[in-house]
Amino acid sequence: MAASKLQAFWNHPAGPKTIHFWAPTFKWGISIANIADFSKPPEKLSYPQQIAVTCTGVVWSRYSMVITPKNWNLFSVNVAMAGTGLYQLTRKIRHDYFSEAEAAVAKE
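The structure displayed is predicted, hence computed values, not measured ones.

A. Just the overall build of the chain, in detail. Broken down by element type, the chain carries 4 helices and 0 strands. Seen in sequence order, the chain has helices and strands lined up from the N terminus as α-α-α-α. Taking 2.2 N^0.38 as the reference for a compact globule, 108 residues should give roughly 13 Å; the C-alpha atoms of the chain span a radius of gyration of 19 Å, well beyond that estimate. Seen through its principal axes, the chain has C-alpha atoms that stretch 70 × 25 × 20 Å. By the burial criterion, 28% of the 108 residues in the chain qualify as buried. About 7,300 Å² of surface is accessible on the chain, with carbon and sulfur atoms providing 70% of the total. Each charge sign in the chain was given a centre, from 11 positive and 6 negative side chains, and these centres are 20 Å apart.

B. Representation of the environment of Phe-21 in the model. Residue placement: Phe-21 occurs in helix α2 (residues 19–36). For the pair Phe-21 and Trp-72, spaced 51 residues apart in sequence, the C-alpha to C-alpha distance is 9.5 Å. Apart from residues lying up to four places away in sequence, Phe-21 is in contact with Phe-9, Ala-14, Gly-15, Pro-16 and Asn-73.

C. Focus on the side chain of Lys-92. When you line up the elements, Lys-92 lands in helix α4 (residues 72–107). The residues touching Lys-92, leaving out its near neighbours within four places in the chain, are Pro-42, Glu-43, Leu-45 and Tyr-47.

D. Main features of α2. Between its first and last C-alpha atoms α2 spans 26 Å; for 18 residues at 1.5 Å apiece the expected length is 26 Å, and the two agree. Within α2, the full set of buried residues consists of Phe-21, Pro-24, Lys-27, Ser-31 and Asn-34. Looking straight down α2, one finds its buried side chains confined to an arc of 135°; they lie on one side. Residues of α2 that are exposed and point over 90 degrees away from its buried face: Ile-19, Phe-26, Ile-32 and Ala-36.

E. Inspection of unusual backbone geometry at higher detail. With omega at 0°, the peptide bond leading from Thr-68 into Pro-69 counts as cis. Assignment of secondary structure puts Pro-69 in the loop between α3 (47–66) and α4.

F. Up close: the packing of aromatic side chains. Under the defined criterion, the tally for this structure stands at 6 aromatic pairs. Ring geometry for Phe-21 against Trp-22: centres 4.7 Å apart, planes inclined by 90°, an arrangement best described as edge-to-face. Summarising the aromatic geometry, the rings of Phe-38 and Tyr-87 are spaced 4.7 Å apart at their centres and angled 65° between planes, so their arrangement reads as edge-to-face. Of this pair, Phe-38 sits in the loop between α2 and α3 while Tyr-87 sits in helix α4, placing them 49 residues apart in sequence. Judged by its relative accessible area of 31%, Phe-38 is partly exposed. Aromatic ring contacts, followed pair by pair, group Phe-9, Phe-21, Trp-22 and Phe-26 into a single cluster.

Reading the values: rules and limits
Here, residues in each chain are numbered from 1, in the same order as that chain's written sequence. Where totals are concerned, whole chains, interfaces and linings use all residues; where local detail is concerned, this predicted model gives features only for residues with pLDDT of at least 70, and gives and counts side-chain atom pairs only at 80 or more. Only hydrogens and water are set aside when side-chain values are computed; all heavy atoms of the structure are taken into account. Helix numbers and strand numbers start at the N terminus; a helix is a DSSP run of H or I with at least 4 residues, a strand a run of E with at least 2. For a compact globule the rule gives 2.2 Å times the number of residues to the power 0.38, and the radius of gyration it is set against comes from C-alpha atoms. Each residue is placed in one exposure class: buried if its accessible area under a 1.4 Å probe, protein chains only, is under 20% of its type's maximum, exposed if it is over 50%, and partly exposed if it falls in between. Using the Shrake-Rupley algorithm and a 1.4 Å probe, accessible areas are obtained, with residue cover drawn only from the displayed protein chains. Note on charges: Lys and Arg go in the positive column, Asp and Glu in the negative column, and His and the chain ends are not counted at all. Every charge is mapped onto a representative atom, which is NZ of Lys, CZ of Arg, CG of Asp or CD of Glu. Contact between two residues is taken to exist if any of their heavy atoms lie within 4.5 Å; hydrogens are not considered. To estimate the expected span of a helix, count its residues, drop one, and scale the result by 1.5 Å. This arc corresponds to the set of directions leading from the helix axis out to the C-beta atoms. Aromatic pairing here means that ring centres of Phe, Tyr or Trp (its six-membered ring) are within 6.5 Å. Orientation follows from the plane angle: under 30 degrees is stacked, over 60 is edge-to-face, and everything else is tilted.

Here you go:
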């Protein structure tokens, strides 16, 4: 049974013998790097970079569900990209626009 599942995975149209497997697999590196940046101070984050990561994640998540065969590896990596990008954007926006207002209120 395990051999047949492994063979089915190996021969799948989005399996390890195709670029449709390896491209999303290596794309996980972007999400992992973005997770590693969670400890980076918000002032060092880049709006263009995080907007690109977020938009790429949203667009390609949708695309991965429209194509045949469905590529769950592509879907999951892009959901992770959208989530980490959105989180980083939230951190940056809160730091740039709301932390000064909170500091001003605290001074009063």
